[in-house]
Amino acid sequence: MAIPFIDLHAQQARIRADLDARMAAVLDHGGYILGREVLELEAELAQQSGATHVITCSSGTDALLLALMALGVRPGQGVIVPSFTFTASAEVMPMLGAIPVFAEVDADSFNLDPAGLAKAKAAADAAGISVVGIIAVGLFGQPANLPAISEYAKANGLFVIDDAAQSYGTTYAGGAVGTLADITCTSFFPAKPLGCYGDGGAVFTNNADHAALMRSLRVHGQGKDKYHNEHIGMTARLDTIQAAILLSKLTIFAEELDMRQAVADRYAALLSGSVKVPQLDPMATSSWAQYTICLPDGTDRAAIQAQLQEAGIPTAIYYPVPMHHQTPYKAYPVAEGGLAVTEALCKNVLSLPMHPYLSEADQDEICKVLLEAVA
Ligand SMILES: *Cc1c(COP(=O)(O)O)cnc(C)c1O
């Protein structure tokens, strides 16, 4: 039997009765759009994260777009973003006519290196692009060093958005993700640590004006009712049925984060010394959205993947091509001095199966085959 890369079935089996009851309740009341479960979910996420305002929306990508729109990003303006990330983090700038400015990440945390921000801004300045903000990403589940990034942002008059599509539920220096940036965005895509059964997302902020604007933008920029429109907006609501599913998943989310941590600890115990295992910043916790090892330079990664696949063990490469080498993004500015860490990571990273229900026996098998392959 092949080992799954993630296992949503094991999770569903635990909560199936509750899921069925909550979905049936939505079918019964019929409030499919912005129904009571949406309000209940927003209140619960606000309570859990400590953010004053939580607005659910249609996807993590739309959450980023709502945030940029609320912060007033204009065509031609620059926003610093890591090149080592999922496409959506950079995609939302060109959607508004704005410009992604690619910055370097730290080799251990995989996250935006605060020390590289000035080199990214210098590249934009040299190209005559005015930088207005930064999108930090909590890659693979670990939040970026948001205090240091915010300090640089404050000194330079920039906003900070935290793309927490993978890192919702974690903390940095004791502060909860959702409260560590001007606006935090997350995704409820099924494979994320907190996923629904379709597309979904949310934005978190303590700023009442930004919150009100994003609530309006989510529904066509509506004003006092749906026939008074004050802004150019979107159709970006979370379906009530997805909110019901998320309320059910939230009942076990904290426990699942602990289970993911236990899997990560065990991987580290079995693998460290033989391969470079992921390093947590001592100030951070992680949701372990991915468990990503780094192979030594020059390793034939495809051969290792093939050997694992042969033994029924799936692996993935997040991400094989940095954003600044992708066709639609090639012309955008790259930090002065280039992105050597990013380039090396794209060649060497390998993500192993990771989910809360990974058994010790499967984990032993994964590590045994991996250690043979890299020996
Ligand atoms: C998944 C993801 C997104 C996009 O979320 P969607 O809900 O798929 O639109 C954005 N940023 C990062 C880092 C992601 O992993």
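Residues numbered from 1 in each chain as written. Predicted model: local features only at pLDDT ≥ 70, side-chain atom pairs only at ≥ 80, totals over all residues. Heavy atoms only, no water.

Before going further, it helps to spend a moment on the overall build of the protein chain. For the protein chain, the count of helices and strands is 11 helices and 11 strands. Computed over its C-alpha atoms, the radius of gyration of the protein chain comes to 21 Å, within 12% of the 21 Å expected for a compact globule of 375 residues. Seen through its principal axes, the protein chain has C-alpha atoms that stretch 65 × 60 × 35 Å. The 375 residues of the protein chain split such that 53% are buried. Partitioning the contacts of the protein chain with sequence separation of at least 6, the portion at a separation of at least 24 is 72%. Surface accessibility of the protein chain: about 15,200 Å² in total, with carbon and sulfur atoms responsible for 54%. Measuring between centres, the 22 positive side-chain charges of the protein chain sit 5 Å from its 39 negative side-chain charges. (Helix = DSSP H or I, 4+ residues; strand = E, 2+ residues; numbered from the N terminus. Rg over C-alpha atoms; globule rule 2.2 N^0.38 Å. Buried < 20%, exposed > 50% of the residue type's maximum accessible area, 1.4 Å probe, protein only. Contact = heavy atoms within 4.5 Å. Areas by Shrake-Rupley, 256 points an atom, 1.4 Å probe, with all protein chains shown as cover. Lys, Arg positive; Asp, Glu negative; His and termini not counted. Charge placed at Lys NZ, Arg CZ, Asp CG, Glu CD.)

A few words on the site of the ligand. Close to the ligand lie 14 residues; Thr 61, Asp 163, Gln 166, Ser 187 and Lys 192 are nearest. With respect to the ligand, the side chain of Gln 166 contributes an N or O atom lying 2.7 Å from an oxygen atom. When the ligand sits alone it has 380 Å² of accessible area, and the protein chains cover 93% of it. Sorting the residues of the shell around the ligand by element identifies α3 (60–70) and α4 (88–95) as the ones contributing at least two each. (Near = heavy atom within 4 Å. Polar contact = N/O pair within 3.5 Å; in protein donor to acceptor, adjacent residues only side chain to side chain.)

Turning our eyes to something else, we now look at helix α5 (residues 117–126). What α5 keeps buried is the set Leu 117, Ala 120, Lys 121, Ala 123 and Ala 124. Angular distribution of buried residues about the axis of α5 spans 155°; they occupy a single face of the element. At the C-terminal side of α5, Gly 128 shows a positive phi close to 75°. (Arc of directions from axis to C-beta.)

The next thing to look at is helix α1 (residues 8–29). Relative to the 32 Å expected for 22 residues at 1.5 Å per residue, α1 spans just 27 Å between its end C-alpha atoms, considerably shorter than the ideal helical length. The largest bend along α1 measures about 70° and falls at Ile 15. For α1, the full list of buried residues reads Gln 11, Ile 15, Leu 19 and Val 26. The secondary structure elements touched by the buried residues of α1 are α2 (36–49) and α8 (240–271). Here α1 starts with a cap whose side-chain oxygen sits 3.1 Å from the backbone nitrogen of His 9, and that cap is Asp 7. Of the residues one or two after α1, Gly 30 is the one with positive phi, at around 75°. (Expected span 1.5 Å × (residues − 1). Bend = angle between axes of the 7 residues up to and from the residue.)

In this section: the environment of Ile 317. Looking at the element boundaries, Ile 317 is found in the loop between α9 (301–310) and α10 (340–348). Placed 25 residues apart in sequence, Ile 317 and Thr 292 show a C-alpha to C-alpha distance of 8.6 Å. If we ignore the near neighbours within four places in the chain, the residues touching Ile 317 are Arg 301, Gln 305, Cys 346, Val 349 and Leu 350.

To describe two helices that pack against each other, one gives the angle between their axes and the distance between the axes. Contact geometry of α1 with α2 gives a least axis separation of 10 Å together with a crossing angle of 135°. The orientation of α1 with respect to α2, classified from their angle, is oblique. Touching Arg 22, Ala 25, Val 26 and His 29 of α1 are Arg 36, Glu 37 and Glu 40, all from α2. When the residues that make up the contact of α1 with α2 are grouped by side-chain class, the tally is 2 nonpolar, 1 polar and 4 charged. (Axes fitted to C-alpha atoms, helices over the stretch in contact; angles between N-to-C directions. Parallel < 35°, antiparallel > 145°, perpendicular 65-115°, else oblique. Nonpolar A, V, L, I, M, F, W, Y, C, P; charged D, E, K, R; others polar.)

Geometry only, nothing functional implied.
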